[in-house]
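Descriptive structure summary
Here are the chains, one letter per residue:
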Amino acid sequence: MEDQIASLNTIDISLLDDRTQVLNYGDTFAILNRSGDATSSRGQAFGIYHRDTRYISGLSLWINGVRPRLLGSSIKEENEILSIDLTNPTLALDNGLTIEQGQIHVRRSQFLRSGHFYEKIQLQSFAGEALPIKLALRFSGDFLDIFEVRGIKREKRGLTGTPVVNGRTIILYYDGLDGIRRTARVNFPRVFEYDDNIPAAHFNFELSPGQAAELDYSIHFHEEHQKNDAAPERYKEARSLLEPGLRKTSAMFPRIETSNEQFTHWLNRSKIDLISLLADTPQGKYPYAGVPWYNTAFGRDGLITALQTLWAAPDLARDVLFFLASRQASGWDSAADAEPGKIMHETRNGEMVALNEVPFRQYYGSIDSTPLFVVLAGKYYERTADKVTIETLWPNIRAALEWIDHFGDLDGDGFLEYQHKAENGLTNQAWKDSFDSVFYDTGELAAPPIAMCEVQGYVYAARIKAAILARVMREPELATRLEESARKLKAEFHKRFWDEALQCYVLALDGDKKPCRIKSSNAGQLLYTGIVPNEFAAPLANTLLKPDMFSGWGLRTVSTESPRYNPMSYHNGSVWPHDVSLVAMGMANYGLYREAQQLATSLFDASLFLPLQRLPELYCGFERRKGEGPTPYPVACSPQAWSVAAAFQVIEALLLPGFSPSTDSLTFHADGLPDYLDDIRINGLRVGRSTFQIIFRRESGAEIIKM
């Protein structure tokens with residue numbers, strides 16, 4: 001089992017292809033083909049998932065016994081509805097006559113909301129005579145745990161029941177080994193015929209020339225003992241509730257436009273995608289990591305997404321902090337890699353989690369979530385001056401600092417290290433958590449405990465920000481200790497991690513303090529944390545922008561000169577947009593504006609070649625080729641929260657806003673804009689008790705208008 005979990009990041013590319021359409025809403029997501037069907041053969045991921053279980057593995061539409069032909073399909077711009085246009089092939093009728101192809105238009109509209117899947121099917125005849133139409137919908141459910149879909153083998157499973165048909169409903173169910181019954185209840189507004197031989201709901205229509213007809217239905221996903229939000233069964237009523245919710249969430253963000261229409265579209269697309277990933281929790285909104293594999297709360301991903309968008313949407317950062325504080329470890333649990341004060345890595349649902357077949361019910365195997373939590377708290381206060389929130393969170397911040405000092409440093413050398421304790425936990429526990437992502441310059445995997453370079457930067461930033469908060473909380477002695485420990489860490493870190501020959505910080509130190517002499521993007525994230533001495537920032541940036549690290553579409557995770565470099569791998573040579581945006585922000589903070597713009601431009605350029613201008617979780621690290629876009633990583637999550645949030649951090653890196661919430665004012669420290677942007681316009685940016693409109697022009701700088 002441990003080997004299977006270690007290989008989860010190397011997902012079989014046969015699970016998905018480039019002909020999928022993805023819908024998501026909270027704990028529910030759907031992977032459908034372009035015709036709106038879910039037809040999972042063995043080893044494929046199509047289906048409708050709820051709370052980490054695939055409830056529907058088969059959904060297909062048939063007309064007179066055959067599948068309609070695809071004309072086209074697309075996700076609407078607001079990400080909420082999949083719209084599909086189909087037509088009939090040549091159809092043979094029972095009376096021996098035929099319906100010529102292209103006589104019937106079939107439109108399918110599908111969306112998710114509050115644990116329900118909704119579909120409306122519209123038919124219209126363009127034939128010259130009346131047509132008898134037999135429409136059938138086939139449903140099946142395998143109720144596989146998402147970890148089973150991803151390839152983990154199980155010795156035993158529960159019982160999948162025979163479908164229960166009752167008038168207007170079909171109930172699919174599964175009795176799990178965890179004692180939980182999971183059901184998918186298909187609700188129709190009218191009685192249907194049901195065929196036991198090929199389980200399907202059948203509906204008959206007689207369409208006169210030009211006549212239209214429609215049918216809608218919903219599927220309700222339910223986990224026994226789980227409280228469900230009230231939701232309508234009918235398509236029209238549920239559809240009317242979608243847009244108000246989207247507008248309310250969208251109001252968390254200012255409106256951003258630019259002189260470049262494509263750049264503006266990238267920003268809008270990114271905002272829409274991020275909104276689609278914001279799940280409602282008792283503590284507020286939380287960005288689920290990504291669809292399909294990570295449609296749940298991850299600590300690191302949520303924290304970095306909040307940091308990327310903090311300048312624009314500080315309320316999201318507050319919600320993230322409260323969510324993670326409510327799940328902060330308070331005791332020891334080696335099976336979950338939990339220790340007092342530690343911030344969680346991820347939380348999961350599903351049968352395998354309930355049975356402890358995988359350790360991710362509430363799992364703490366992340367070395368960086370805890371310092372990042374403190375960093376976000378400090379930056380949130382600087383952005384908002386919200387002392388009430390900091391006072392509420394102060395016990396959690398103190399507990400996180402205690403964990404860093406007493407549990408994170410495994411050997412007392414002043415550096416944060418990890419070594420997993422959970423039997424089936426993650427071997428590597430920084431953001432590059434593939435089993436083979438930390439290695440020496442010989443290619444041999446590093447021996448734990450491992451001190452990653454960027455993690456030390458996060459600790460440095462955490463102490464600097466916590467010192468500010470300690471003074472806010474009137475604990476000056478603690479503030480002084482934190483500042484002194486940060487100063488010592490900065491000096492010792494540079495001494496131990498800087499490699500003069502590489503002109504770069506090494507990737508990591510192993511358990512014997514042997515360096516992993518690998519050039520990596522991890523070193524670039526150090527610029528974001530501020531731990532790099534000023535005189536070494538430019539040499540480091542220069543190293544990162546050389547051809548072995550910079551692909552033209554962003555920074556590779558490791559250099560092409562590395563022994564394990566593979567541009568098609570998950571962590572050893574690919575390009576991750578969130579990683580690039582953090583490095584760009586770091587460069588801008590050190591005054592390396594040209595270098596920051598180069599990275600920002602590489603992400604924008606990549607978006608121009610990608611479907612919907614949506615930056616995915618990652619793409620391959622091949623060198624940029626003229627007239628071609630980046631090579632996709634076949635099973636990358638898309639949308640992925642910290643990837644789409646990269647667009648917001650690009651704006652921050654270009655403009656370098658500074659906030660003074662106590663005086664309701666802001667400034668900009670940018671050094672011009674790239675030549676493809678004449679201006680950037682921001683409307684509705686909140687600072688303190690005021691709201692601002694900003695027009696930043698390349699030639700003349702910022703015009704700030706209080707609204």
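Here, the structure is the one placed above.
Everything quoted here is computed from the prediction, not taken from an experiment.

1. Quick notes on the overall build of the chain
- Within the chain one finds 17 helices and 36 strands.
- For the chain, the C-alpha radius of gyration of 27 Å lies close to 27 Å, the compact-globule estimate for 707 residues.
- With respect to the principal axes defined by its C-alpha atoms, the chain has extents near 85 × 60 × 50 Å.
- Taking all 707 residues of the chain together, the buried fraction comes to 61%.
- Surface exposure of the chain reaches about 26,700 Å², of which carbon and sulfur atoms provide 48%.

2. A short note on the environment of leucine 592
- Note that leucine 592 resides in the loop between α14 (577-589) and α15 (593-608).
- Apart from residues no more than four positions distant in its own chain, leucine 592 is found in contact with Ala537, Ala538, Ala541 and Met587.

3. Side note on the packing of helix α12 (residues 521-529) against α14
- It is at 7 Å that the axes of α12 and α14 come closest, and there the two elements cross at 45°. One way to sum up the angle between α12 and α14 is to call them oblique. Between α12 and α14 lies a crossing of left-handed hand. Residue-level contacts link Ser521, Gly524, Gln525, Leu527 and Tyr528 of α12 to His578, Asp579, Leu582, Val583, Met585, Gly586 and Met587 of α14.
- Taken together, the residues that form the contact of α12 with α14 break down as six nonpolar, five polar and one charged.

4. Overview of the sheet that holds strand β30 (residues 508-509)
- Taken in spatial order, the three strands make up an open sheet running β27-β30-β31, and their pairing is antiparallel. The sheet is open, and its two edges are formed by β27 (451-452) and β31 (515-516), each paired on a single side.
- Sheet topology places β30 next to β31; two bridges connect them, and they run antiparallel. Bridging across to β31, leucine 509 finds its partner in proline 515.

5. Observations regarding the packing of aromatic side chains
- The final tally for this structure, using the stated rule, is 37 aromatic pairs.
- Look at phenylalanine 139 and phenylalanine 188: their rings are 6.3 Å apart centre to centre, the planes differ by 65°, and that puts the pair in the edge-to-face class. Taken together, the positions of phenylalanine 139 in strand β13 (residues 131-140) and phenylalanine 188 in the loop between β18 (181-187) and β19 (193-195) put the pair 49 residues apart, joining distant regions of the chain. The burial state of phenylalanine 139 is the same as that of phenylalanine 188; both residues are buried.
- Linked through ring pairs, Phe117, Phe139, Phe188, Phe192, Tyr194, Phe203 and Tyr217 together constitute an aromatic cluster.
- Between arginine 138 and the ring centre of tryptophan 62, over which it is positioned, the NZ or CZ distance is 3.6 Å.

6. Focus on helix α11 (residues 476-497)
- For α11, which comprises 22 residues, the first-to-last C-alpha distance of 31 Å matches the rise-based estimate of 32 Å (1.5 Å per residue) to within 8%.
- Residues of α11 that are buried include every one of Leu478, Ala479, Leu482, Ala486, Leu489, Phe493, His494 and Phe497, and no others. All buried residues of α11 lie within an arc of 125° about the axis, which places them on one face of the element. Counted as exposed and oriented over 90 degrees from the buried face of α11: Glu477, Arg481, Lys488 and Lys495.

7. Some points on the pairing of strand β6 (residues 58-63)
- The element β6 is largely enclosed, with a buried count of six among its six residues.
- Of the two faces of β6, the one carrying Gly58, Ser60 and Trp62 and the one carrying Leu59, Leu61 and Ile63 are both buried.
- When strand β3 (residues 38-39) meets β6, the two strands line up antiparallel, connected through two bridges. Pairing of alanine 38 across the sheet is with leucine 59, part of β6.
- Note: β6 against β13, six bridges, orientation antiparallel.

8. Points about the pairing of strand β1 (residues 20-25)
- Two strands pair when backbone bridges link them, and β1 and strand β2 (residues 28-33) are joined in this way by six bridges, in the antiparallel orientation. For tyrosine 25, the partnering residue across the bridge sits in β2 and is threonine 28.

9. Some remarks on the sheet that holds β1
- Strand order in the open sheet formed by five strands is β1-β2-β4-β5-β14, and the pairing between neighbours is antiparallel. For this open sheet the edge positions go to β1 and β14 (144-145), each flanked by a neighbour on one side alone.
- Where strand β4 (residues 47-50) and strand β5 (residues 53-56) come together, three bridges link them in antiparallel fashion. Paired with isoleucine 48 across the two strands is isoleucine 56, which belongs to β5.

10. Brief notes about unusual backbone geometry
- Cis peptide bonds are those with omega within 30 degrees of zero, and the linkage from valine 291 to proline 292 qualifies with 10°.
- Tracing the sequence through the fold places proline 292 in the loop between β24 (284-287) and α5 (299-309).
- The omega angle of the peptide bond from serine 638 to proline 639 is 5°, so this bond is cis rather than trans.
- A positive phi angle, near 55°, is found at phenylalanine 143, a position not held by glycine.

11. Regarding the packing of α5 against helix α8 (residues 369-384)
- Here α5 crosses α8 at 25°, and the two axes come no closer than 9 Å. By the angle between their directions, the pair α5 and α8 is classed as roughly parallel. Considering the relative orientation of α5 and α8, their crossing is left-handed. Here Gly299, Arg300, Leu303, Ile304, Ala306 and Leu307 of α5 come into contact with α8, specifically with Ser369, Leu372, Phe373, Val375, Leu376 and Lys379.

12. A look at the side chain of asparagine 187
- With respect to the secondary-structure elements, asparagine 187 resides in strand β18.
- Polar contacts involving the side chain of asparagine 187 include one to the side chain of arginine 185, which spans 3.0 Å.

13. Quick notes on the pattern of salt bridges
- The final tally for this structure, using the stated rule, is 48 salt bridges.
- One network of salt bridges, with partners in common, ties together Glu148, Arg154, Arg157, Glu351 and Glu357.

14. Some words on the environment of leucine 59
- Mapping leucine 59 onto the fold places it in strand β6.
- Using a relative accessible area of 0% as the deciding quantity, one classes leucine 59 as buried.
- With residues up to four places along the chain from it excluded, the contact list for leucine 59 reads Gly36, Asp37, Ala38, Thr39, Ile48, Arg108, Phe117, Leu137, Arg138, Phe139 and Tyr217.

15. Concerning helix α3 (residues 235-250)
- Over its 16 residues, α3 runs 23 Å from end to end, which matches the ideal 22 Å to within 8%, given 1.5 Å per residue.
- Among all positions of α3, only Tyr235, Ala238, Arg239, Leu242 and Thr249 are buried. Buried residues of α3 fall within an arc of 100° about the axis and therefore sit on the same side. Those residues of α3 that are exposed and aimed more than 90 degrees away from the buried face are Lys236, Arg247 and Lys248.

16. A word on the state of the cysteines
- The final tally for this structure, using the stated rule, is zero disulfides.
- Distance from the sulfur of cysteine 453, which forms no disulfide, to the nearest cysteine sulfur (cysteine 504) is 7.4 Å.
- Cysteine 620 takes part in no disulfide bond, and the closest cysteine sulfur, belonging to cysteine 637, lies 15 Å away.
- For cysteine 620, a relative accessible area of 4% puts it in the buried group.

17. Remarks on the environment of histidine 669
- Structurally, histidine 669 is set in the loop between β33 (665-668) and β34 (679-687).
- Sequence spacing of histidine 669 and proline 657 is twelve residues, and the spatial spacing of their C-alpha atoms is 6.4 Å.
- Excluding its chain neighbours within four sequence positions, the residues that come into contact with histidine 669 are Tyr593, Leu655, Leu656 and Gly658.

Rules and cut-offs
Residues numbered from 1 in each chain as written. Predicted model: local features only at pLDDT ≥ 70, side-chain atom pairs only at ≥ 80, totals over all residues. Heavy atoms only, no water. Helix = DSSP H or I, 4+ residues; strand = E, 2+ residues; numbered from the N terminus. Rg over C-alpha atoms; globule rule 2.2 N^0.38 Å. Buried < 20%, exposed > 50% of the residue type's maximum accessible area, 1.4 Å probe, protein only. Areas by Shrake-Rupley, 256 points an atom, 1.4 Å probe, with all protein chains shown as cover. Contact = heavy atoms within 4.5 Å. Axes fitted to C-alpha atoms, helices over the stretch in contact; angles between N-to-C directions. Parallel < 35°, antiparallel > 145°, perpendicular 65-115°, else oblique. Left-handed = near helix turned anticlockwise from the far one by under 90°. Nonpolar A, V, L, I, M, F, W, Y, C, P; charged D, E, K, R; others polar. Pairing = 2+ DSSP bridges. Phe/Tyr/Trp six-rings, centres within 6.5 Å; stacked < 30°, edge-to-face > 60°. Lys NZ or Arg CZ within 6 Å of the ring centre and 35° of its normal. Expected span 1.5 Å × (residues − 1). Arc of directions from axis to C-beta. Polar contact = N/O pair within 3.5 Å; in protein donor to acceptor, adjacent residues only side chain to side chain. Salt bridge = Lys/Arg side-chain N within 4 Å of Asp/Glu carboxyl O. Disulfide = S-S within 2.5 Å.

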